Amino acid sequence: MALTTERAAERTAERTAAERPAERPAAERPAGRAPERPTGRRDTDGMAVASFVCGLLGLLVLNIFLGPLAIVLAGLALWRGTGRSGRALLGLGLGVADLVVLGVLVSMDGTVSWGLAG
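Residues numbered from 1 in each chain as written. Predicted model: local features only at pLDDT ≥ 70, side-chain atom pairs only at ≥ 80, totals over all residues. Heavy atoms only, no water.

**Points about the nonpolar core**
If you look at soluble globular proteins, the nonpolar side chains tend to sit buried side by side.
Point 1. Of all hydrophobic cores here, the largest spans five residues; its members are M47, A48, L73, A77 and A88.
Point 2. If you list the elements that add at least two residues to this core, you get α2 (41-58) and α3 (63-79).
Point 3. Residues within four places of A77 in sequence aside, it is in contact with T44, M47, A48, T82 and A88. (Core = buried A, V, L, I, M, F, W, Y, C linked by side-chain atoms within 4.5 Å. Buried < 20%, exposed > 50% of the residue type's maximum accessible area, 1.4 Å probe, protein only. Helix = DSSP H or I, 4+ residues; strand = E, 2+ residues; numbered from the N terminus. Contact = heavy atoms within 4.5 Å.)

**With respect to the packing of α3 against helix α4 (residues 85-109)**
Point 1. Contact pair α3 / α4: the axes reach a minimum separation of 8 Å and the direction vectors enclose 155°. As judged from the angle between their axes, α3 and α4 are roughly antiparallel. The handedness of the crossing between α3 and α4 comes out as left-handed. In this structure, α3 contributes N63, I64, L66, G67, P68, A70, I71, A74, A77 and L78 to the contact, and α4 contributes S85, A88, L89, G91, L92, G95, V96, D98, L99, V101 and L102.
Point 2. In terms of residue class, the contact of α3 with α4 is built from 15 nonpolar, five polar and one charged. (Axes fitted to C-alpha atoms, helices over the stretch in contact; angles between N-to-C directions. Parallel < 35°, antiparallel > 145°, perpendicular 65-115°, else oblique. Left-handed = near helix turned anticlockwise from the far one by under 90°. Nonpolar A, V, L, I, M, F, W, Y, C, P; charged D, E, K, R; others polar.)

**Digging into the confidence of the model for the chain**
Point 1. Averaged over the chain, the pLDDT score is 76; the fraction of residues at 70 or greater is 59%.
Point 2. Here helix α1 (residues 2-19) stands out as the least confident element of the chain, with mean pLDDT 62; α3 is the most confident, with 91. (pLDDT = per-residue confidence, 0-100.)

**Describing the packing of aromatic side chains**
Point 1. Scanning all chains against the criterion turns up zero aromatic pairs.
Point 2. Note that R87 overlies the ring of F52, its terminal NZ or CZ placed 5.8 Å from the centroid. (Phe/Tyr/Trp six-rings, centres within 6.5 Å; stacked < 30°, edge-to-face > 60°. Lys NZ or Arg CZ within 6 Å of the ring centre and 35° of its normal.)

**Here we look at the side chain of D45**
Point 1. Counting through the fold element by element, D45 comes out in helix α2.
Point 2. We note that D45 is buried and unpaired, the nearest opposite charge coming from R84 at a distance of 4.2 Å.
Point 3. Aside from chain neighbours lying at most four places away, what touches D45 is T82, G83 and R84. (Lys, Arg positive; Asp, Glu negative; His and termini not counted. Salt bridge = Lys/Arg side-chain N within 4 Å of Asp/Glu carboxyl O.)

Here is the structure:
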């Protein structure tokens, strides 16, 4: 009985060691840096959502800053292969729309700033 539990424990230890991702030995890692972690889909999905939110908010306020930010975030998310490409494309479109709205409102006022109150 004790022999079978020892074998089961050895097999479990072997399986967990085989399932772990291979890390570079400490000698190969640069000094003072944490182990590298791959950029996951979660990061790019967050960029796509942030792009959409910035583009949407940029239609109302601070479109000179939020529009280009939405364009850059959408471009990065699409370039890295996000799972939410539709949201990134919406963010890209809204970022461009922010800049178009800014251009139209500035040309109507003849100034560099604009406001909803007129």
